[in-house]
Amino acid sequence: MPPSVDTNIFPNAANGTTGNKIPISRICEARGMKTYHSDSSQQTPGEVETEFLIVGAGPAGASLACFLTSYGLKGIMISSAPATANTPRAHITNMAALECLRDIGLDEQLRELSSEGHCMTHTRWCHSMAGEEYARIHSWGHAPGRKGDYEMASPCSPIDLPQTLLEPVLVRYAAQNGFNTRFNTALSSFEIDNEGLIIATVHDEVSNIQYKIRTKYLFGADGARSQVVKQLDLPLSIKPGQGLAINVLVKTDLSHLVVHRRGNLHWVMQPDKEHPEFGWQGIVRMVKPWNEWMFILFPNRDCDPSTEPSKEAYLQRVRDFIGDDTPAEILDVSKWYINEIVAEKYSEGNIFCMGDAVHRHPPMNGLGSNTCIQDAFNLAWKVAYVHKGQAPPSLLDTYSIERQPVGRSIITRANQAFRDHFSVWEALGTLPKEVEVRRKVLSELREANPEGRKRRLALQKAITQTSHEFHGLGVEMGQVYHGPGIYDADEPLPYERRGRAAEDDVLYYEPSTHPGCRLPHVWLNKVIPTKPVSTIDLAGHGAFTLFTGIGGDAWKVAANQVSEELGVPINVHSIGFRQVWEDVYFDWERLRGVNEDGAVLVRPDRVVGWRAKAVPTATESSCNSRLSQAIRAILGLHSEGNL
Ligand code: FDA
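Conventions and cut-offs
Residues numbered from 1 in each chain as written. Predicted model: local features only at pLDDT ≥ 70, side-chain atom pairs only at ≥ 80, totals over all residues. Heavy atoms only, no water. Helix = DSSP H or I, 4+ residues; strand = E, 2+ residues; numbered from the N terminus. Rg over C-alpha atoms; globule rule 2.2 N^0.38 Å. Buried < 20%, exposed > 50% of the residue type's maximum accessible area, 1.4 Å probe, protein only. Contact = heavy atoms within 4.5 Å. Near = heavy atom within 4 Å. Polar contact = N/O pair within 3.5 Å; in protein donor to acceptor, adjacent residues only side chain to side chain. Nonpolar A, V, L, I, M, F, W, Y, C, P; charged D, E, K, R; others polar. Axes fitted to C-alpha atoms, helices over the stretch in contact; angles between N-to-C directions. Parallel < 35°, antiparallel > 145°, perpendicular 65-115°, else oblique. Left-handed = near helix turned anticlockwise from the far one by under 90°. Domains from an automatic or database assignment. Buried area = accessible area lost by both parts, 1.4 Å probe. Salt bridge = Lys/Arg side-chain N within 4 Å of Asp/Glu carboxyl O. Core = buried A, V, L, I, M, F, W, Y, C linked by side-chain atoms within 4.5 Å. Pairing = 2+ DSSP bridges.

(A) Local environment of the overall build of the protein chain. In terms of regular secondary structure, the protein chain is built from 20 helices and 26 strands. Its C-alpha radius of gyration of 27 Å places the protein chain within 12% of the 26 Å reference for a compact globule of 643 residues. Its C-alpha atoms put the protein chain at 75 × 70 × 40 Å along the principal axes. Among the 643 residues that make up the protein chain, the fraction classed as buried is 59%. Of all intrachain contacts in the protein chain linking residues separated by at least 6 positions in sequence, the fraction that spans at least 24 positions is 72%.

Below is the structure:
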């Protein structure tokens, strides 16, 4: 029988008095959670017990829960919100994030829910949706000259998937596979007990009861106002923000307007007109093709952020942006700030922070939720390996070492992308305060004189520069990890970007098997052709993977021995002529970076951890000892018995 509980430990948060007399055990039983039993000396009555507590059920928290369940781990996920996202913030879902979700078989389901292809063809700049267009640029892999880069980079393709559709899939998967998920439940604070366990105090907003969750690991995936980051006092690098933006969600059928204006992002700017301070200019963003849209309004600098325009004022601005008499209905209005903030480190002991909690930036380049998912993917296998005793706790330190530089790079890129738009605004004349000046600038664009020519060139240059936002394949896929989780001691040279990525690492991604890089995607097949398989699908799934080829049999033997010795799963795949996998387009030959009989070792998160040029000669250390040394180094098993 569960213990009777002293309800006095649950103060009523609303009035500060003691709470209702409902035993915590009853709440826990009703919510399907386990309570400690009074007969255990380790346990305190009234505490809920778990090993993994995730705070936040957004893209970061929910994807972490999904990835942890794929290792058979179970836990609790709480969210202070009443449900999954009620407004469609993130939508561009990139290939790097989709590859993570592909590891647990969710990518196809998400693709089916998404708008693909033609919906994402362009970003446009226009006077209104119905009106004149200033410029457009191909986006998200749709530039004729870039399509191949995207296809070659991944077995996935970018999709447009509103956060309102992504989150339910993640939460459902997590809940069905072992993460008890509690909405309306806010983390108030946490402390560490003298056994090193974390005692989180949470507030159930439905029953107005506060209770405690004792956990081994705590994950702060609680968004831009993270309580976990605040209480840990993680150092934040903060650059000046770029102001406020207002999201107005609108039901309006613009199908007739998009026939020749295909695209999911439409910048609307009307420099020749007066404008309200709260809606100087903005972006009309497709949510559902083509009858639900987000109107993202940017207030001008003089706007008082506390001003609350009326619904009629918002609706008028929406109508201005549409530009014809299409009926429109406002569904929701919300505000967000354009930040440039990154935590200097992401973890402390067994507490790990991720997502917007540690990197806060504008939506340019669509890197937010995508980076959340990749944070989670990086962390999940490390937590699982440490928890199961396959690696020492030091492996967990590599999470912050590897992901923090990524966070820094994406907040910088997203803010730079926002700043790049200034050149467009300057060229189109939206910046001056006085409407007469703005009109003059705008009309200059069409003039047959040197000033007109100069302005047209400035506009073209500014629009072309935005390809770094709309075709930033390098910033999405080209991240390289360094540190103890990567074993590069056998590399003659440090990693250097090559090819086009060396010239522009935001635009271009050059696949490589240098340790620290993502595993290159290559289509493979059987000698009697069946459905092609990507290297991405052969790797991951919780195991290390060793790719070798003709003459590399010694690696297979070594992998079996090392796997047994370390208790770590290692899958081996041989690629080449009449091997298990045929290198159908000779792409692996081009990319593998080692000889036919060499080896490329890939971590469970599909990052190359180590590679060997060839099978060692008789005078060199054996395959077994080299592979063992590499995996030990990656896991932090430098000496026997340090688990
Ligand atoms: P998020 O804020 O989503 O979730 C936080 C969770 O923590 C919620 O469940 C909340 O209830 C919970 N929580 C908070 N405090 C708590 C507490 N004390 N106790 C318990 N729970 C608590 N990204 C992208 O990749 N592509 C894109 O195209 C865009 N586009 C875009 C457009 C616009 C207009 C915006 C504003 C943002 C984007 N983004 C984006 C960014 C994306 O929306 C953002 O990065 C993610 O939502 C962040 O996910 P998190 O899970 O980190 O936090």
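Text resumes after the structure shown.
(B) Structural view of the site of the ligand. Close to the ligand lie 32 residues, the nearest being Ser79, Gln163, Leu187, Asp356 and Ser369. Leu187 places a polar main-chain atom, nitrogen or oxygen, 2.8 Å from a nitrogen atom of the ligand. Contact between the ligand and Gly366: an oxygen atom at 3.2 Å from a main-chain N or O atom of the residue. Residue assignment for the shell around the ligand shows that the elements contributing at least two residues are α2 (59-69), β8 (185-192) and α10 (368-387). The leading source of residues in the shell around the ligand is α10, at 4 residues. Of the residues contributing to the shell around the ligand, the split by class is 15 nonpolar, 14 polar and 3 charged.

(C) Layout of the packing of helix α3 (residues 95-102) against α10. Viewed as axis vectors pointing N to C, α3 and α10 meet at an angle of 40°, and their least axial separation amounts to 8 Å. Taken as axis vectors, α3 and α10 run oblique relative to one another. Classified by chirality, the crossing of α10 by α3 is left-handed. Of the residues in α10, those in contact with Ala96, Ala97, Cys100 and Leu101 of α3 are Asn370, Ile373, Gln374 and Phe377. Broken down by class, the residue content of the contact of α3 with α10 amounts to 6 nonpolar, 2 polar and no charged.

(D) Representation of the domain arrangement of the protein chain in the model. Partitioning the protein chain into domains gives domain 1 (13-86 + 162-237 + 341-409), domain 2 (411-473) and domain 3 (480-643). For domain 2 versus domain 3, the separation of C-alpha centres amounts to 46 Å. Counting residues at the interface gives 6 residues for domain 2 and 4 residues for domain 3. Interface of domain 2 and domain 3: buried area, both sides summed, is about 460 Å²; carbon and sulfur atoms make up 65% of it. Per-residue buried area on domain 2 facing domain 3 is highest for Arg413, His468 and Leu473; these three make up 76% of the total on that side. Viewed at the interface, domain 3 and domain 2 are joined by 0 salt bridges. Viewed at the interface, domain 3 and domain 2 are joined by 3 residue pairs in polar contact (both at pLDDT 80 or more). Split by residue class, the side of domain 2 that touches domain 3 holds 1 nonpolar, 4 polar and 1 charged.

(E) Structural view of the nonpolar core. Ranked by size, the top nonpolar core spans 105 residues in total, and within it Phe219, Phe544 and Leu635 carry the most contacts. Considering each element in turn, this core owes the most residues, 11 residues, to α10. When residues of this core are sorted by domain, at least three fall in each of domain 1 (13-86 + 162-237 + 341-409) and domain 3 (480-643). Trp125, Ile296, Phe418 and Leu442 belong to the second largest nonpolar core, which has 33 residues in total.

(F) Spotlight on the environment of Gly429. Inspection of the secondary structure assignment puts Gly429 in the loop between α11 (397-428) and α12 (435-444). Classification of Gly429 by relative accessible area gives buried; the value is 1%. In this structure the C-alpha to C-alpha distance between Gly429 and Ser443, which are 14 residues apart in sequence, comes to 9.2 Å. Beyond its immediate sequence surroundings of up to four residues, Gly429 is in contact with Pro271, Arg438 and Val441.

(G) Structural context of the sheet that holds strand β5 (residues 133-138). Ordered by their spatial adjacency, 7 strands build an open sheet running β5-β4-β13-β14-β15-β12-β16, and the pairing between neighbours is mixed. Among the strands making up the open sheet, the edge pair consists of β5 and β16 (329-337). Here the average twist between neighbouring strands, direction ignored, is 20°. With 8 bridges joining them, strand β12 (residues 244-251) and β16 adopt antiparallel strand pairing. The residue bridging Ala245 from the neighbouring strand is Trp336, located in β16. On top of the sheet, helix α9 (residues 311-322) reaches β12, β13 (265-268), β14 (281-288), β15 (292-298) and β16; it is set at about 105° to β15, its chief contact.

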